[in-house]
Amino acid sequence: MLTQNRPLFLGIDGEGAAHYWDSYEFAVAVVVSDAQAEKVKLAETPYETLAGWCEYTQDERGWAVGPHVGGSLVDDLARGLNA
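Residues numbered from 1 in each chain as written. Predicted model: local features only at pLDDT ≥ 70, side-chain atom pairs only at ≥ 80, totals over all residues. Heavy atoms only, no water.

J.: Let's hear about the sheet that holds strand β3 (residues 27-33): which residues, and what values?
T.: With antiparallel pairing, five strands are arranged side by side in an open sheet as β4-β3-β2-β1-β5. Across the chains shown, the open sheet's two edge strands, defined by having one partner strand only, are β4 (36-41) and β5 (63-65). Pairwise comparison of adjacent strand axes, ignoring direction, gives a mean angle of 30 degrees for this sheet. By the bridge criterion, six bridges tie β3 to β4 in an arrangement that is antiparallel. When the sheet's bridge partners are listed, valine 28 is paired in β4 with valine 40. (Pairing = 2+ DSSP bridges. Helix = DSSP H or I, 4+ residues; strand = E, 2+ residues; numbered from the N terminus. Axes fitted to C-alpha atoms, helices over the stretch in contact; angles between N-to-C directions.)

The structure is reproduced here in structure tokens:
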């Protein structure tokens, strides 16, 4: 589905779909189940950035896990300590 052999795992939304980022295609794959997946190229959406996509997902479905994007190791550690 995606060009990258190992796309970046973004997280799992509140409805249970896994989101993966492919930086080569600038696209997100949303995998609902083994039989259902959708590739969304950000250029074809109102969300110009990956951060915008993550905010949209938060607003529409919420995140059960993640999103794991941006920031730094220090930010990740601080977020983990606050959880």
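J.: An account of unusual backbone geometry is requested, with residue identities and associated values reported.
T.: If a residue is not glycine, its phi is most likely negative; likewise, a peptide bond is most likely trans. Cis geometry is found at the peptide bond from glycine 66 to proline 67, where omega equals 5 degrees. By secondary structure assignment, the location of proline 67 is in the loop between β5 and α2 (73-82). For phenylalanine 26, which is not glycine, the phi dihedral falls at a positive 50 degrees. Locating phenylalanine 26 in the fold gives a position in the loop between β2 (18-22) and β3. You can call phenylalanine 26 partly exposed: its relative accessible area is 39%. (Buried < 20%, exposed > 50% of the residue type's maximum accessible area, 1.4 Å probe, protein only.)

J.: Break down the pattern of salt bridges for me, with residues and values.
T.: In total, this model carries three salt bridges according to the counting rule given. Glutamate 15 is the salt-bridge partner of arginine 61, the closest N and O atoms lying 3.8 Å from each other. Of this pair, arginine 61 sits in the loop between α1 (50-60) and β5 while glutamate 15 sits in the loop between β1 (8-13) and β2; the two residues are 46 residues apart in sequence, bridging distant segments of the chain. What makes glutamate 15 exposed here is its relative accessible area of 60%. Taken together, the shared-partner salt bridges connect Asp13, Glu15 and Arg61 into one network. (Salt bridge = Lys/Arg side-chain N within 4 Å of Asp/Glu carboxyl O.)

J.: Tell me about the environment of leucine 8, residues and numbers included.
T.: Here leucine 8 is to be found in strand β1. Separated by 61 residues in the primary sequence, leucine 8 and valine 69 place their C-alpha atoms 8.8 Å from one another. With residues up to four places along the chain from it excluded, the contact list for leucine 8 reads His19, Tyr20, Trp21, His68 and Val69. (Contact = heavy atoms within 4.5 Å.)

J.: Hey, could you go over the packing of aromatic side chains for me, with residue numbers and the actual values?
T.: Here the structure, examined in full by the defined rule, presents five aromatic pairs. Ring plane angle 75 degrees and centroid distance 4.9 Å describe the contact between tryptophan 21 and phenylalanine 26, whose orientation is recorded as edge-to-face. Take tryptophan 21: its relative accessible area is 8%, and that puts it in the buried class. Every member of this aromatic cluster is reached through a ring pair, and the members are Tyr47, Trp53 and Tyr56. (Phe/Tyr/Trp six-rings, centres within 6.5 Å; stacked < 30°, edge-to-face > 60°.)

Any functional reading would require information beyond the geometric quantities listed.
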